[in-house]
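Residue-level listing of the chains:
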Amino acid sequence: MSPTSASRTTASRAPAGAATPAADAHATPKGPLAWRLLLDWLSADRLLSPADAELAAQRFAAGDSAQHPLVRISGLGLKRADTGAVLELEPLTEWLARRVGLPYLRIDPLKVDVARVAEVMSINYAERRKALPVQVSLSEITIATSEPLDVGWVEEILAHTKKTIKLVVASPLDLQRYRTEFYTLAKSVRDANKKTGDSVAHNFEQLVELGKSNRQLDANDQGIIQVVDWLWQYAFDQRASDIHLEPRREMGAIRFRIDGVLHTVYQVPLAVMQAMTARIKLLGRMDVVEKRRPLDGRIKTRNPGGDEVEMRLSTMPTAFGEKLVMRIFDPDNTVKSFEALGFAPSETKIWEQLVGRPHGIILVTGPTGSGKTTTLYSTLKRVATDEVNVCTIEDPIEMIEAAFNQTQVQPAIDLGFAEGVRALMRQDPDIIMVGEIRDLETAEMAIQSSLTGHLVFSTLHTNDAASAITRLTDLGVPSYLISATVIGVLAQRLVRTLCPHCKQPDTTLDEGTLADAIKPWRMNGKVNAYKPVGCLDCRMTGFKGRVGLYELLPVSEHVRGAMHPTVDMAALRRTAAKEGLRPLRLSGVMKVAEGVTTLDEVLRNTPQWEN
């Protein structure tokens, strides 16, 4: 059976030798890999002891298996004869690639253009040949295989595509998984595109008319359902925090935000993207017909592990169609310990003392996306026992939590933050969380709640902890009320953490270099800095995950003294420093010295300390 004839490239034919393994043709047998051959090779390369090789041979001889021989060998849990490490599948695959003289590839689905891959060969052909195209350019096709000795089919692809074929070796389990995912997705997009046709608005004016005409695409088409389901599961698997569906002039772009950085995942026809948006809006109980104004919604689904995941939806009309952003809330965030969030032991102790107070105002500050919500929910989750009543007023409700009594701000019916807090005061609360203090009325209600014996949490958008005090004075709150009610301020940022698999010691960073970045502070302790390198686990970025940097300002008697009769920012910072406050940049540099992140990450995300 020949590969599909969907691709018609006129590039010159590459020499057949470009697609064959570099191993000696006379020394290496052709055809599917056999477990006996692999055991012989592992013994010859001294990766497997003769005793272990004999044990494996006895087990395999007992019966046949449809599993790939690499998978069977890795499943035995044998240890390498040279290092004692367990022979796992990925190292075995990498060894096989070296053995046959081909490059090794760990497939990164974010770098695969699924639509073009599906044009090279059919799924039946790919399954039969144990192969999967992973990269397609104008002149070359990269094909991953788990059978590097069985490559007679390459001539057929050469004749069909007229492009150079580059073979690489990949894990048989990865090939099996991604082959199903990629071809299923490509088929769903093709089917959805045929279903929706070209009925899509290409500019803002047409979008308005489409909204007026009450016309909607078939959001329940099976192809659209499959694409949306794949999109969510794929985002969960890739640790994405946000999903962007962005209509462009020619195609629609799907992008994931991973560790604070956006990655383009896939491009779909505009008609498909519009139908995907309609499907998601339908599931989020949003007005599918309304495309002229921003809308908000939320969806609950489950990740591959079976845990419930909540997503907040937001749409916005743009020049080429309706843009949709889905914010994914990790269910594990609300149960993280303070240490897991990035708190130092000393900060954890002070923070626990603050949140254990019976009344007062605790402010969490930082820009959008700095992790304030995660910190607040993790804190409230710890204090929300059966003995207390925790009430929140939010805009919007970020995550639904059964332990809280959560209220959504509704401006259309005059239910703002101030009105919400006023209503909560009659609900017998112990702890109140106000989503954000935006105006004097809300600030006054938070202060009133504190003065009447409640613990109040809220957020502000300021650069550091001390600035939160001056922000309240700018809103019109008298300094004596601030000093009487505010018991602590936490400023925070998020920085990317170095990938533990590939980071290497950075000998260019020493105590003097780090000290220059945090003047007038001084470095104490050993510097154990690392630098990013890049590997397959971190998508060659050198970073994997994020951690919080914190600047905690407990309002002591001395700090209160700096607020009377007016707030002097410089005096407040100096007093706080004497009380042990550690600024954000110093907190970040300490993480650099511990080998957690890099100095560039810290300098990019933290403000300079001002005296």
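Taking an unreviewed UniProt entry as the reference, the protein chain is identified by name as General secretion pathway protein E belonging to Aquabacterium commune. UniProt's Sequence similarities (unreviewed entry) comment on the protein chain is quoted here verbatim: "Belongs to the GSP E family."

Caption draft 1: Highlighting the packing of helix α17 (residues 465-475) against helix α21 (residues 569-578). In the contact formed by α17 and α21, the axes pass within 10 Å of each other and the chain directions differ by 145°. Crossing of α17 over α21 shows right-handed handedness. In contact with A466, S467, I469 and T470 of α17, α21 contributes M569, L572 and R573. Its residues assigned to classes, the contact of α17 with α21 shows four nonpolar, two polar and one charged.

Caption draft 2: Representation of the packing of aromatic side chains in the model. For the structure on display, the rule yields nine aromatic pairs. A ring pair is formed by F343 and W351, whose centres lie 6.1 Å apart and whose planes are at 35°; its orientation type is tilted. No difference in accessibility class separates F343 from W351, as the two residues are buried. Measuring from ring centre to ring centre gives 4.1 Å for F343 and Y550, while their planes differ by 20°; the resulting arrangement is stacked. Within this pair, whereas F343 is found in the loop between α12 (338-341) and α13 (345-355), its partner Y550 is found in strand β18 (residues 543-554), the two being separated by 207 residues in sequence. One exposure class covers both F343 and Y550, and it is buried. Taken together through their ring pairs, the aromatic side chains of W230, Y234, F256 and Y266 make up a single cluster. Taking the ring centre of F543 as reference, the NZ or CZ of R496 above it sits at 4.1 Å.

Caption draft 3: Expanded view of the packing of α13 against helix α14 (residues 372-383). In the contact formed by α13 and α14, the axes pass within 11 Å of each other and the chain directions differ by 60°. Put simply, α13 runs oblique to α14. Considering only the axes of α13 and α14, their crossing is right-handed. Packed against α13, whose contacting residues are W351, E352 and V355, the element α14 presents T375, T379, R382 and V383 at the interface. Taken together, the residues of the contact of α13 with α14 sort by class into three nonpolar, two polar and two charged.

Caption draft 4: Highlighting the nonpolar core. Within the largest apolar cluster, 92 residues are counted, with the highest numbers of intra-cluster contacts made by L245, F256, M276 and M326. At nine residues, the largest contribution of residues to this core is made by helix α10 (residues 222-237). Grouped together as the second largest cluster of nonpolar side chains are 56 residues, L460, I469, A517 and L584 included.

Caption draft 5: How the structure looks around the environment of F338. Looking at the secondary structure, you find F338 in helix α12. The spatial distance from the C-alpha of F338 to the C-alpha of T348 is 6.3 Å, given a sequence separation of 10 residues. Not counting residues up to four positions away in its chain, the partners in contact with F338 are F343, T348, W351, E352, T379 and R382.

Caption draft 6: The sheet that holds strand β6 (residues 261-269), seen in detail. Here we have six strands laid out as an open sheet, ordered β6-β5-β4-β9-β8-β7, and antiparallel in their pairing. Strand pairing shows two members of the sheet lacking a second neighbour, β6 and β7 (295-302), which therefore form its edges. The mean inter-strand angle of the sheet, taken between neighbouring strand axes irrespective of direction, is 20°. Bridge count for strand β8 (residues 308-318) against strand β9 (residues 321-329) is nine bridges, and the pairing is antiparallel. Paired with M316 across the two strands is K323, which belongs to β9.

Cut-off values and rules
Residues numbered from 1 in each chain as written. Predicted model: local features only at pLDDT ≥ 70, side-chain atom pairs only at ≥ 80, totals over all residues. Heavy atoms only, no water. UniProt positions renumbered as here; feature names shortened; annotations may be inferred. Axes fitted to C-alpha atoms, helices over the stretch in contact; angles between N-to-C directions. Helix = DSSP H or I, 4+ residues; strand = E, 2+ residues; numbered from the N terminus. Left-handed = near helix turned anticlockwise from the far one by under 90°. Contact = heavy atoms within 4.5 Å. Nonpolar A, V, L, I, M, F, W, Y, C, P; charged D, E, K, R; others polar. Phe/Tyr/Trp six-rings, centres within 6.5 Å; stacked < 30°, edge-to-face > 60°. Buried < 20%, exposed > 50% of the residue type's maximum accessible area, 1.4 Å probe, protein only. Lys NZ or Arg CZ within 6 Å of the ring centre and 35° of its normal. Parallel < 35°, antiparallel > 145°, perpendicular 65-115°, else oblique. Core = buried A, V, L, I, M, F, W, Y, C linked by side-chain atoms within 4.5 Å. Pairing = 2+ DSSP bridges.

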